[in-house]
Amino acid sequence: MTRQSDLSGYRVVAVHAHPDDEAISTGGALADMARRGADVLVVTCTLGEEGEVIGQRYQQLVVDQADQLGGYRISELARSLEILGVRGVFLGGAGHYRDSGMAGSTASANPRAFVNGGQESVDELVSIFEAERPHLVITYDPHGGYGHPDHIRAHEIAHLAAEKTGVPRLVWAARLRSELEGNLPPVAPEGWSMPAPGELDAVDATDTFVALDDEAYSAKVEAMRAHATQVIIGGGDPTTYALSNLITQVITRREHYRSGAGQPLRPGAGLLDGIAL
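Residues numbered from 1 in each chain as written. Predicted model: local features only at pLDDT ≥ 70, side-chain atom pairs only at ≥ 80, totals over all residues. Heavy atoms only, no water.

Draft legend 1. Region of the structure containing the nonpolar core. Counting residues in each nonpolar core, the largest one holds 41 residues, and the members touching the most others are M33, I138, Y257 and L271. Those elements giving two or more residues to this core turn out to be β1 (11-16), α1 (21-35), β2 (39-44), α2 (69-84), β4 (136-139), β5 (169-174) and α6 (214-226). Broken down by element, the residue count for this core peaks at seven residues, all from α1. In this structure, L271 is in contact with A29, M33, L136, I138, R169, T208, V210, Y257 and L265, ignoring residues within four places of it in sequence. One finds V15, V126, I157 and L170 within the second-largest nonpolar core, a separate group that totals 24 residues. (Core = buried A, V, L, I, M, F, W, Y, C linked by side-chain atoms within 4.5 Å. Buried < 20%, exposed > 50% of the residue type's maximum accessible area, 1.4 Å probe, protein only. Helix = DSSP H or I, 4+ residues; strand = E, 2+ residues; numbered from the N terminus. Contact = heavy atoms within 4.5 Å.)

Draft legend 2. Structural context of the side chain of R36. Among the structural elements, R36 can be located in the loop between α1 and β2. Accessibility expressed as a relative area gives 14% for R36, which makes it buried. Here the side chain of R36 touches D32 through a polar contact of 2.9 Å, side chain to side chain. (Polar contact = N/O pair within 3.5 Å; in protein donor to acceptor, adjacent residues only side chain to side chain.)

Draft legend 3. Fine view of the pairing of β2. Along β2, five of the six residues are buried, which leaves the element largely enclosed by surrounding structure. In this sheet, β2 lies alongside β1 in parallel orientation, the contact comprising six bridges. Looking at β2, one finds that V13 is bridged to L41. Taken together, β1, α1 and β2 form a β-α-β motif whose crossover is right-handed. In the sheet, β2 pairs with strand β3 (residues 87-90) via four bridges, with the strands oriented parallel. (Pairing = 2+ DSSP bridges. Right-handed = clockwise from strand over helix to strand, strands pointing away.)

Draft legend 4. Structural detail: the layout of surface pockets. In this structure, the largest pocket occupies an estimated 1200 Å³ of space. Taken together, 47 residues line the largest pocket, and the ones lying closest to its centre are D21, Y146, H151, D201 and L243. Secondary-structure elements contributing two or more residues to the lining of the largest pocket are α1, β5, α5 (177-182), α6, β9 (249-250) and β10 (254-262). Class assignment for the residues of the lining of the largest pocket results in 17 nonpolar, 16 polar and 14 charged. Considered as a void within the structure, the second largest pocket measures approximately 180 Å³ in volume. Within the residue set of the lining of the second largest pocket, elements represented by two or more residues are α1 and β6 (208-211). Looking at the lining of the second largest pocket element by element, the count peaks at three residues for β6. (1 Å grid on protein atoms, 1.4 Å probe; cavity = no way out; pocket = protein on both sides within 12 Å on 5 of 7 lines; lining within 4 Å. Points joined across faces, edges and corners; volume = space filled by probe spheres on them. Nonpolar A, V, L, I, M, F, W, Y, C, P; charged D, E, K, R; others polar.)

Draft legend 5. Structural view of the pattern of salt bridges. A complete count under the given rule lists 21 salt bridges for this structure. As a salt-bridge pair, D204 and R177 come within 3.4 Å of each other at their nearest N and O atoms. With a gap of 27 residues between them, D204 in the loop between α5 and β6 and R177 in helix α5 connect regions that are remote in the sequence. Taking relative accessible area as the criterion, D204 reaches 67% and is therefore assigned exposed. The residue E179 makes a salt bridge to R254 at a minimum N-O spacing of 3.2 Å. Of this pair, E179 sits in helix α5 while R254 sits in strand β10, placing them 75 residues apart in sequence. Accessibility expressed as a relative area gives 35% for R254, which makes it partly exposed. (Salt bridge = Lys/Arg side-chain N within 4 Å of Asp/Glu carboxyl O.)

Draft legend 6. Layout of the sheet that holds β10. Spatial strand order, β3-β2-β1-β4-β5-β10-β6: seven strands in an open sheet with mixed pairing. With partners counted over all chains shown, the strands left at the sheet margins are β3 and β6, one partner each. Along the sheet, successive strands turn relative to each other by an average axial angle of 30°, direction set aside. Each of β2 and β3 touches α2; the most contacted strand, β3, lies at about 155° to it. Relative to β5, helix α4 (residues 149-165) is tilted by about 165°, and along the sheet it contacts β1, β4, β5 and β10. (Axes fitted to C-alpha atoms, helices over the stretch in contact; angles between N-to-C directions.)

Draft legend 7. Structural view of the environment of P134. Among the structural elements, P134 can be located in the loop between α3 (118-132) and β4. Along the backbone, P134 and P149 are 15 residues apart, and their C-alpha atoms lie at a distance of 25 Å. Once residues lying within four places of it in the same chain are set aside, the contact partners of P134 are R11, V13, F129, V167 and P168.

Draft legend 8. Quick look at the sheet that holds strand β8 (residues 240-242). Spatially, three strands are ordered β7-β8-β9 in an open sheet, and the strand pairing comes out antiparallel. Edge positions in the sheet fall to β7 (232-233) and β9, since each of these pairs with one other strand and no more. Note that β7 and β8 share two bridges and pair antiparallel. Following the sheet pairing, I232 is matched in β8 by A242.

Following this line, the structure appears as structure tokens:
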């Protein structure tokens, strides 16, 4: 069996909070597994309505203007998933759960906010897992990567649904601090700033990584570029990018993962290694 089909028959579900998370956090691994024959589904839990946007072009879409950002981000997500070669669904349907905003935001008081989804949100994900029967589930760590309440809730429901349905392995996407900070350019692109020491969300150790070849890396970069309201792509190798805060980050050539539940990852092994079809 060639590498292009060595994952045929495997099923993967990634559980993400907002459009763009699938590309930024896991785009390389998702593209790599899909290209190698795995059936990959991205579950997105909100439309990202509370997000900030980059530049003036999209400013009138935000919450205190037209409040149309979520609808616009549906199209960005669709393009990203197409580039990655994966399928996508919204938890409960598009717009069922609303972006809860950052910690302490008044958006979290909205009854439709994802953080208020309760058992219903778990049951909906259980239904997806029962239909998909994934060998692997990918989501965030208990801190949600950088503490966003929707990321934390996605972690919670992914674990509960995985336990309920007997998912063989659940992993957490992570960023390795030494690689993230070690690959920063010496100076920021014009108009951007460099991160303060320790400012970027990252961990000091992971269980394994996915090395991105040129095809997977390019797919990740282009999937991130598809989220033009949220991400601006720079240049360099590795490629720089920034969010609305214009703090310089890099798209590293490795995506890192940690064991979350079920069969643990082996150091240096693939995300699906050791899981029987």
